[in-house]
Amino acid sequence: MPQMILFGYFGAGNFGDEWTLATFLKGIKRLGLKSEQIVALSRDSEATKAEHNIAAIPRSWRAILSIMSKCQIVIGCGGSLLQDVTSFRSLVFYSLLVFAAKFAGKKIALLGQGLGPLKRGASKALARRTLNACDLLTFRERESFRLAKEIGCLLKNCFVTADLTFAWDEFPQRQPTKSIAVNLRPVREHWNCENVAGALKRTLREGEKVLLLPLQPKLDETALQPLTKIPSSKWYRYEIWHDGLVGIANCNLLLAMRLHALIAACILGIPFVGLNYDPKVANILGEVARRQILPLSANESEIASAIEQIRNENLKALAERFEEFASNQKFSAVRNFELLAEKLSL
(Lines give C-alpha, C1' and ligand atoms only; values in the text may rest on other atoms or scores of the structure.)
Protein backbone atom coordinates (compact mmCIF):
# COMPACT_ATOMS: atom_id res chain seq x y z
CA MET A 1 0.00 0.00 0.00
CA PRO A 2 1.47 3.43 -0.90
CA GLN A 3 2.18 5.45 2.20
CA MET A 4 3.37 8.60 0.48
CA ILE A 5 2.47 10.59 -2.64
CA LEU A 6 5.14 12.89 -4.08
CA PHE A 7 4.28 15.73 -6.39
CA GLY A 8 6.49 18.16 -8.27
CA TYR A 9 7.61 18.87 -11.82
CA PHE A 10 8.69 15.30 -12.45
CA GLY A 11 8.84 13.40 -15.73
CA ALA A 12 9.52 16.44 -17.91
CA GLY A 13 13.23 15.75 -18.30
CA ASN A 14 14.25 18.73 -16.19
CA PHE A 15 17.68 18.03 -14.70
CA GLY A 16 17.07 19.93 -11.46
CA ASP A 17 13.70 18.34 -10.72
CA GLU A 18 14.94 14.82 -11.40
CA TRP A 19 18.01 15.44 -9.22
CA THR A 20 15.69 16.73 -6.49
CA LEU A 21 13.52 13.62 -6.72
CA ALA A 22 16.57 11.33 -6.58
CA THR A 23 17.87 13.19 -3.52
CA PHE A 24 14.51 12.99 -1.77
CA LEU A 25 14.24 9.25 -2.39
CA LYS A 26 17.70 8.64 -0.91
CA GLY A 27 16.88 10.74 2.13
CA ILE A 28 13.50 9.19 2.79
CA LYS A 29 14.85 5.65 2.56
CA ARG A 30 17.28 6.49 5.35
CA LEU A 31 14.20 7.17 7.46
CA GLY A 32 13.08 3.60 6.85
CA LEU A 33 10.53 4.12 4.08
CA LYS A 34 10.72 1.52 1.30
CA SER A 35 10.45 2.40 -2.38
CA GLU A 36 7.25 0.39 -2.77
CA GLN A 37 5.59 2.73 -0.25
CA ILE A 38 6.17 5.77 -2.49
CA VAL A 39 4.32 6.89 -5.62
CA ALA A 40 5.15 10.00 -7.64
CA LEU A 41 2.97 12.10 -9.90
CA SER A 42 4.72 12.41 -13.24
CA ARG A 43 4.29 13.91 -16.69
CA ASP A 44 5.87 10.71 -18.00
CA SER A 45 5.13 7.98 -15.48
CA GLU A 46 6.96 5.25 -17.41
CA ALA A 47 10.15 7.33 -17.54
CA THR A 48 9.93 8.08 -13.82
CA LYS A 49 9.45 4.39 -12.99
CA ALA A 50 12.46 3.43 -15.10
CA GLU A 51 14.79 6.19 -13.91
CA HIS A 52 13.95 6.24 -10.19
CA ASN A 53 12.66 2.72 -9.58
CA ILE A 54 9.46 3.84 -7.87
CA ALA A 55 5.77 3.70 -8.73
CA ALA A 56 4.48 6.66 -10.73
CA ILE A 57 1.09 7.75 -12.01
CA PRO A 58 0.01 10.37 -14.55
CA ARG A 59 -1.10 13.82 -13.40
CA SER A 60 -4.81 13.07 -13.91
CA TRP A 61 -7.31 13.72 -11.16
CA ARG A 62 -8.85 10.26 -11.46
CA ALA A 63 -5.46 8.62 -10.84
CA ILE A 64 -4.53 11.11 -8.11
CA LEU A 65 -7.75 10.74 -6.08
CA SER A 66 -7.65 6.97 -6.41
CA ILE A 67 -4.10 6.68 -5.03
CA MET A 68 -4.71 9.36 -2.39
CA SER A 69 -7.25 7.11 -0.70
CA LYS A 70 -4.45 4.61 -0.08
CA CYS A 71 -1.81 6.98 1.34
CA GLN A 72 -1.18 8.79 4.61
CA ILE A 73 1.21 11.56 3.55
CA VAL A 74 1.28 13.93 0.56
CA ILE A 75 4.52 15.82 -0.14
CA GLY A 76 5.35 18.59 -2.59
CA CYS A 77 9.01 17.95 -3.26
CA GLY A 78 11.41 20.76 -4.14
CA GLY A 79 11.23 23.46 -6.78
CA SER A 80 9.03 26.56 -6.85
CA LEU A 81 5.63 24.92 -7.10
CA LEU A 82 3.59 27.89 -5.87
CA GLN A 83 4.23 30.60 -8.46
CA ASP A 84 2.28 32.21 -11.28
CA VAL A 85 5.06 33.18 -13.71
CA THR A 86 5.01 29.89 -15.62
CA SER A 87 1.21 29.90 -15.53
CA PHE A 88 -1.64 30.56 -13.12
CA ARG A 89 -2.98 27.08 -13.97
CA SER A 90 0.09 25.48 -12.43
CA LEU A 91 -0.52 27.29 -9.14
CA VAL A 92 -4.18 26.22 -9.19
CA PHE A 93 -3.24 22.58 -9.85
CA TYR A 94 -0.84 22.31 -6.93
CA SER A 95 -3.19 24.22 -4.62
CA LEU A 96 -6.11 21.93 -5.46
CA LEU A 97 -3.86 18.95 -4.79
CA VAL A 98 -3.10 20.26 -1.30
CA PHE A 99 -6.77 21.05 -0.65
CA ALA A 100 -7.83 17.55 -1.78
CA ALA A 101 -5.27 16.00 0.58
CA LYS A 102 -6.43 18.22 3.43
CA PHE A 103 -10.08 17.32 2.80
CA ALA A 104 -9.12 13.62 2.82
CA GLY A 105 -7.39 14.00 6.19
CA LYS A 106 -3.84 13.40 4.95
CA LYS A 107 -0.67 14.90 6.38
CA ILE A 108 0.79 17.44 3.98
CA ALA A 109 4.31 18.83 3.60
CA LEU A 110 5.90 21.21 1.10
CA LEU A 111 9.60 20.46 1.30
CA GLY A 112 12.60 22.48 0.11
CA GLN A 113 10.36 25.02 -1.57
CA GLY A 114 10.93 28.28 -3.33
CA LEU A 115 7.88 30.53 -3.18
CA GLY A 116 6.84 32.87 -5.98
CA PRO A 117 7.03 35.01 -7.90
CA LEU A 118 3.34 35.74 -7.26
CA LYS A 119 2.28 38.57 -9.57
CA ARG A 120 -1.49 38.55 -9.01
CA GLY A 121 -3.51 39.35 -5.91
CA ALA A 122 -5.53 36.18 -6.50
CA SER A 123 -2.29 34.19 -6.63
CA LYS A 124 -1.17 35.51 -3.26
CA ALA A 125 -4.54 34.70 -1.69
CA LEU A 126 -4.52 31.18 -3.13
CA ALA A 127 -0.90 30.58 -2.08
CA ARG A 128 -1.70 31.78 1.46
CA ARG A 129 -4.56 29.28 1.81
CA THR A 130 -2.42 26.51 0.36
CA LEU A 131 0.50 27.17 2.71
CA ASN A 132 -1.77 27.37 5.74
CA ALA A 133 -3.29 23.98 4.87
CA CYS A 134 0.11 22.26 5.25
CA ASP A 135 1.46 20.48 8.31
CA LEU A 136 5.06 21.28 7.42
CA LEU A 137 6.66 23.94 5.21
CA THR A 138 10.37 24.20 4.54
CA PHE A 139 11.75 26.95 2.30
CA ARG A 140 15.09 26.70 0.53
CA GLU A 141 16.03 30.35 1.12
CA ARG A 142 15.02 33.28 3.31
CA GLU A 143 13.35 35.36 0.60
CA SER A 144 10.70 32.68 0.13
CA PHE A 145 10.14 32.60 3.88
CA ARG A 146 9.85 36.39 3.87
CA LEU A 147 7.27 36.28 1.06
CA ALA A 148 5.27 33.61 2.91
CA LYS A 149 5.13 35.90 5.93
CA GLU A 150 4.21 38.89 3.74
CA ILE A 151 1.19 37.18 2.16
CA GLY A 152 -0.15 36.02 5.51
CA CYS A 153 1.23 32.50 6.06
CA LEU A 154 0.82 31.60 9.74
CA LEU A 155 4.47 30.40 9.97
CA LYS A 156 3.68 27.96 12.79
CA ASN A 157 5.16 25.04 10.88
CA CYS A 158 7.56 27.01 8.63
CA PHE A 159 11.32 26.59 8.53
CA VAL A 160 14.19 27.86 6.39
CA THR A 161 16.37 24.97 5.21
CA ALA A 162 18.11 24.63 1.82
CA ASP A 163 17.58 23.19 -1.62
CA LEU A 164 17.30 19.42 -1.32
CA THR A 165 20.04 18.75 -3.88
CA PHE A 166 22.69 20.07 -1.49
CA ALA A 167 22.13 16.80 0.44
CA TRP A 168 23.20 14.67 -2.56
CA ASP A 169 26.36 12.66 -1.88
CA GLU A 170 27.14 10.63 -5.04
CA PHE A 171 29.11 12.84 -7.39
CA PRO A 172 31.02 11.73 -10.49
CA GLN A 173 34.80 11.81 -10.47
CA ARG A 174 35.94 15.08 -12.03
CA GLN A 175 37.79 14.61 -15.32
CA PRO A 176 37.96 18.18 -16.61
CA THR A 177 38.15 18.71 -20.34
CA LYS A 178 39.24 21.95 -21.92
CA SER A 179 35.73 23.30 -22.28
CA ILE A 180 33.25 25.93 -21.17
CA ALA A 181 29.87 24.29 -20.55
CA VAL A 182 26.96 26.60 -21.40
CA ASN A 183 23.37 26.17 -20.30
CA LEU A 184 20.66 28.56 -21.46
CA ARG A 185 16.91 28.23 -21.19
CA PRO A 186 14.04 30.13 -22.82
CA VAL A 187 12.83 33.22 -20.96
CA ARG A 188 9.62 35.18 -21.40
CA GLU A 189 11.19 38.62 -21.52
CA HIS A 190 13.13 39.92 -24.50
CA TRP A 191 16.69 38.73 -24.21
CA ASN A 192 19.61 38.78 -26.63
CA CYS A 193 21.51 35.48 -26.78
CA GLU A 194 24.08 37.18 -29.02
CA ASN A 195 25.56 38.80 -25.91
CA VAL A 196 26.51 35.33 -24.66
CA ALA A 197 27.83 34.26 -28.07
CA GLY A 198 29.96 37.40 -28.36
CA ALA A 199 31.32 37.05 -24.82
CA LEU A 200 32.30 33.43 -25.47
CA LYS A 201 34.10 34.30 -28.69
CA ARG A 202 36.06 37.00 -26.84
CA THR A 203 37.08 34.77 -23.93
CA LEU A 204 37.68 31.35 -25.51
CA ARG A 205 41.25 30.21 -25.16
CA GLU A 206 43.24 28.23 -27.69
CA GLY A 207 41.94 24.68 -28.01
CA GLU A 208 38.96 25.34 -25.73
CA LYS A 209 35.54 24.05 -26.75
CA VAL A 210 32.03 25.31 -25.98
CA LEU A 211 29.93 22.47 -24.58
CA LEU A 212 26.23 23.13 -25.24
CA LEU A 213 24.42 21.62 -22.26
CA PRO A 214 20.60 21.40 -22.51
CA LEU A 215 19.30 20.50 -19.05
CA GLN A 216 15.72 20.23 -20.23
CA PRO A 217 15.51 18.70 -23.71
CA LYS A 218 13.93 20.69 -26.54
CA LEU A 219 13.41 23.80 -24.40
CA ASP A 220 17.08 24.42 -23.71
CA GLU A 221 18.14 23.20 -27.13
CA THR A 222 16.07 25.98 -28.69
CA ALA A 223 17.72 28.57 -26.45
CA LEU A 224 21.21 27.20 -27.17
CA GLN A 225 20.78 26.87 -30.93
CA PRO A 226 22.31 30.30 -31.79
CA LEU A 227 25.56 29.22 -30.11
CA THR A 228 26.07 26.45 -32.68
CA LYS A 229 27.56 29.18 -34.89
CA ILE A 230 30.63 29.18 -32.66
CA PRO A 231 33.12 26.91 -34.51
CA SER A 232 34.31 25.04 -31.42
CA SER A 233 30.81 24.32 -30.09
CA LYS A 234 29.46 20.81 -29.65
CA TRP A 235 26.33 19.33 -28.02
CA TYR A 236 26.32 17.36 -24.79
CA ARG A 237 23.13 15.30 -24.71
CA TYR A 238 22.21 12.56 -22.26
CA GLU A 239 19.37 10.22 -21.26
CA ILE A 240 19.64 9.87 -17.47
CA TRP A 241 19.66 12.96 -15.25
CA HIS A 242 22.89 11.86 -13.51
CA ASP A 243 24.72 12.08 -16.83
CA GLY A 244 23.88 15.79 -16.85
CA LEU A 245 25.87 15.97 -13.63
CA VAL A 246 28.74 14.22 -15.39
CA GLY A 247 28.69 16.85 -18.15
CA ILE A 248 28.97 19.64 -15.58
CA ALA A 249 31.72 17.80 -13.66
CA ASN A 250 33.89 17.52 -16.77
CA CYS A 251 34.02 21.19 -17.76
CA ASN A 252 36.59 23.68 -16.52
CA LEU A 253 34.11 26.58 -16.40
CA LEU A 254 30.32 26.85 -16.46
CA LEU A 255 28.12 29.63 -17.83
CA ALA A 256 24.53 28.82 -16.95
CA MET A 257 21.01 30.00 -16.31
CA ARG A 258 19.47 27.00 -14.59
CA LEU A 259 19.81 27.02 -10.82
CA HIS A 260 20.73 23.37 -10.40
CA ALA A 261 23.54 23.57 -12.94
CA LEU A 262 25.04 26.32 -10.78
CA ILE A 263 24.41 24.39 -7.56
CA ALA A 264 26.27 21.40 -9.07
CA ALA A 265 29.19 23.63 -10.06
CA CYS A 266 29.31 25.11 -6.57
CA ILE A 267 29.37 21.70 -4.88
CA LEU A 268 32.01 20.42 -7.30
CA GLY A 269 34.18 23.53 -6.95
CA ILE A 270 33.87 24.51 -10.62
CA PRO A 271 34.25 28.21 -11.54
CA PHE A 272 30.94 29.54 -12.85
CA VAL A 273 29.06 32.59 -14.06
CA GLY A 274 25.29 32.63 -13.61
CA LEU A 275 22.62 34.55 -15.52
CA ASN A 276 19.87 35.51 -13.12
CA TYR A 277 16.73 34.75 -15.14
CA ASP A 278 14.79 34.17 -11.89
CA PRO A 279 15.29 35.72 -8.41
CA LYS A 280 15.87 32.24 -6.94
CA VAL A 281 19.33 32.06 -8.55
CA ALA A 282 20.66 35.09 -6.69
CA ASN A 283 18.61 34.31 -3.57
CA ILE A 284 20.26 30.90 -3.16
CA LEU A 285 23.77 31.47 -4.53
CA GLY A 286 24.27 35.18 -3.94
CA GLU A 287 25.91 34.58 -0.59
CA VAL A 288 28.85 32.74 -2.15
CA ALA A 289 28.87 34.13 -5.70
CA ARG A 290 27.29 37.55 -5.83
CA ARG A 291 29.90 38.93 -8.26
CA GLN A 292 29.36 35.94 -10.55
CA ILE A 293 25.56 36.24 -10.81
CA LEU A 294 24.71 38.65 -13.63
CA PRO A 295 21.33 40.10 -14.58
CA LEU A 296 19.80 39.06 -17.90
CA SER A 297 20.39 42.62 -19.03
CA ALA A 298 24.17 42.09 -18.89
CA ASN A 299 25.80 43.02 -22.17
CA GLU A 300 28.56 41.21 -24.04
CA SER A 301 31.35 43.12 -22.30
CA GLU A 302 29.91 42.49 -18.83
CA ILE A 303 29.56 38.76 -19.47
CA ALA A 304 33.08 38.55 -20.93
CA SER A 305 34.47 40.49 -17.96
CA ALA A 306 32.77 38.13 -15.48
CA ILE A 307 34.20 35.11 -17.29
CA GLU A 308 37.72 36.56 -17.24
CA GLN A 309 37.37 37.57 -13.61
CA ILE A 310 36.41 34.07 -12.50
CA ARG A 311 39.21 32.59 -14.63
CA ASN A 312 41.71 34.77 -12.80
CA GLU A 313 40.56 33.79 -9.32
CA ASN A 314 42.78 31.65 -7.15
CA LEU A 315 41.16 28.29 -7.92
CA LYS A 316 42.16 26.73 -4.61
CA ALA A 317 40.69 29.62 -2.63
CA LEU A 318 37.58 29.55 -4.83
CA ALA A 319 37.07 25.83 -4.27
CA GLU A 320 37.51 26.28 -0.51
CA ARG A 321 34.91 29.06 -0.49
CA PHE A 322 32.47 26.93 -2.46
CA GLU A 323 33.16 23.90 -0.24
CA GLU A 324 32.40 25.83 2.95
CA PHE A 325 29.16 27.20 1.50
CA ALA A 326 28.06 23.81 0.14
CA SER A 327 28.84 22.16 3.48
CA ASN A 328 26.63 24.64 5.33
CA GLN A 329 23.88 24.20 2.76
CA LYS A 330 24.13 20.42 3.06
CA PHE A 331 23.60 20.63 6.81
CA SER A 332 20.46 22.70 6.19
CA ALA A 333 19.29 20.42 3.36
CA VAL A 334 19.51 17.34 5.60
CA ARG A 335 17.35 19.28 8.06
CA ASN A 336 14.46 18.84 5.59
CA PHE A 337 14.40 15.12 6.35
CA GLU A 338 14.83 15.59 10.10
CA LEU A 339 11.84 17.93 10.20
CA LEU A 340 9.83 15.53 8.04
CA ALA A 341 10.49 12.69 10.49
CA GLU A 342 9.77 14.90 13.49
CA LYS A 343 6.66 16.77 12.33
CA LEU A 344 5.00 14.00 10.34
CA SER A 345 6.05 11.16 12.66
CA LEU A 346 7.94 9.10 10.07
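What comes next is a walk through the structure.

Cut-offs used in this document
Residues numbered from 1 in each chain as written. Predicted model: local features only at pLDDT ≥ 70, side-chain atom pairs only at ≥ 80, totals over all residues. Heavy atoms only, no water. Helix = DSSP H or I, 4+ residues; strand = E, 2+ residues; numbered from the N terminus. Rg over C-alpha atoms; globule rule 2.2 N^0.38 Å. Buried < 20%, exposed > 50% of the residue type's maximum accessible area, 1.4 Å probe, protein only. Contact = heavy atoms within 4.5 Å. Areas by Shrake-Rupley, 256 points an atom, 1.4 Å probe, with all protein chains shown as cover. Pairing = 2+ DSSP bridges. Right-handed = clockwise from strand over helix to strand, strands pointing away. Axes fitted to C-alpha atoms, helices over the stretch in contact; angles between N-to-C directions. Parallel < 35°, antiparallel > 145°, perpendicular 65-115°, else oblique. Left-handed = near helix turned anticlockwise from the far one by under 90°. Nonpolar A, V, L, I, M, F, W, Y, C, P; charged D, E, K, R; others polar. Core = buried A, V, L, I, M, F, W, Y, C linked by side-chain atoms within 4.5 Å. Patch = residues over 30% accessible without salt bridge, like charges linked within 9 Å, V, L, I, M, F, W, Y side chains within 5 Å. Salt bridge = Lys/Arg side-chain N within 4 Å of Asp/Glu carboxyl O. Lys, Arg positive; Asp, Glu negative; His and termini not counted. Charge placed at Lys NZ, Arg CZ, Asp CG, Glu CD. Phe/Tyr/Trp six-rings, centres within 6.5 Å; stacked < 30°, edge-to-face > 60°.

1. A look at the overall build of the chain
Then, number 1: A count of helices and strands for the chain gives 13 helices and 13 strands.
Then, number 2: Computed over C-alpha atoms, the radius of gyration of the chain comes to 20 Å, within 12% of the 20 Å expected from 2.2 N^0.38 for 346 residues, which places it in the range of a compact globule.
Then, number 3: Principal-axis analysis of the C-alpha atoms places the extent of the chain at approximately 60 × 40 × 35 Å.
Then, number 4: Taken over 346 residues, the chain has a buried fraction of 55%.
Then, number 5: Across the chain, every contact between residues at least 6 apart in sequence was considered, and the portion connecting residues at least 24 apart equals 70%.
Then, number 6: With an accessible surface of roughly 15,100 Å², the chain has 49% of that area assigned to carbon and sulfur atoms.

2. Considerations on the pairing of strand 9 (residues 209-212)
Then, number 1: In this sheet, strand 9 lies alongside strand 8 (residues 179-183) in parallel orientation, the contact comprising 4 bridges. Counted as the bridge partner of Ile-180 is Val-210 from strand 9.
Then, number 2: Crossover strand 8 to strand 9 through helix 7 (residues 194-203) is right-handed.
Then, number 3: Bridge analysis of strand 9 against strand 10 (residues 233-235) gives 3 bridges, and the strand direction is parallel. Residue pairing for strand 10: Leu-211 is matched across the bridge by Lys-234.
Then, number 4: In this fold, strand 9 hands off to helix 8 (residues 219-224), which returns the chain to strand 10; that crossover is right-handed.

3. Description of the packing of helix 7 against helix 12 (residues 300-311)
Then, number 1: Contact geometry of helix 7 with helix 12 gives a least axis separation of 8 Å together with a crossing angle of 45°. With respect to their mutual orientation, helix 7 and helix 12 come out oblique. The hand of the helix 7/helix 12 crossing is right-handed. Across the interface between the two elements, Glu-194, Asn-195, Val-196, Gly-198, Ala-199, Leu-200, Arg-202 and Thr-203 from helix 7 touch Glu-300, Ser-301, Ile-303, Ala-304, Ile-307, Glu-308 and Arg-311 from helix 12.
Then, number 2: A per-class count over the contact of helix 7 with helix 12 returns 6 nonpolar, 4 polar and 5 charged.

4. Examining the nonpolar core
Then, number 1: The biggest cluster of nonpolar side chains holds 90 residues, and the ones touching the most others in it are Phe-24, Leu-184 and Leu-227.
Then, number 2: The greatest single-element share of this core, amounting to 8 residues, is contributed by helix 10 (residues 259-268).
Then, number 3: In contact with Phe-24, other than residues within four places in its own chain, are Met-4, Leu-6, Ile-75, Cys-77, Leu-111, Phe-337 and Leu-340.

5. As for a negative patch on the surface
Then, number 1: A surface patch of negative charge is lined by Glu-287, Glu-320, Glu-323 and Glu-324.
Then, number 2: Considering each element in turn, the negative patch owes the most residues, 3 residues, to helix 13 (residues 315-343).
Then, number 3: Its location among the elements puts Glu-320 in helix 13.

6. Remarks on the packing of aromatic side chains
Then, number 1: Going through the model one piece at a time under the given rule, you end up with 13 aromatic pairs.
Then, number 2: Here Phe-166 and Phe-325 contribute two aromatic rings whose centre-to-centre distance is 6.0 Å and whose plane-to-plane angle is 85°, an arrangement assigned as edge-to-face. Of this pair, Phe-166 sits in the loop between strand 7 (158-160) and strand 8 while Phe-325 sits in helix 13, and the two are 159 residues apart along the sequence. You'll find Phe-166 and Phe-325 in the same group, each marked buried.
Then, number 3: A ring pair is formed by Phe-272 and Phe-322, whose centres lie 5.2 Å apart and whose planes are at 25°; its orientation type is stacked. With Phe-272 in strand 12 (residues 272-276) and Phe-322 in helix 13, the pair connects residues that are 50 residues apart, well separated along the chain.

7. What about the sheet that holds strand 12?
Adjacent strands of a sheet pair through backbone hydrogen bonds, lying either parallel or antiparallel.
Then, number 1: With respect to topology, 6 strands assemble into an open sheet ordered 10-9-8-11-12-13, the strand pairing being parallel. In this open sheet, the two edge strands, each paired with only one partner strand, are strand 10 and strand 13 (293-295). Mean inter-strand twist for the sheet, computed between neighbouring axes without regard to direction, equals 20°.
Then, number 2: Judged from the 4 bridges that link them, strand 8 and strand 11 (residues 253-256) form a sheet pairing that is parallel. Looking at strand 11, one finds that Ala-181 is bridged to Leu-254.
Then, number 3: Relative to the sheet, helix 7 contacts strand 8, strand 9, strand 11 and strand 12, its axis offset from that of strand 8 by approximately 175°.

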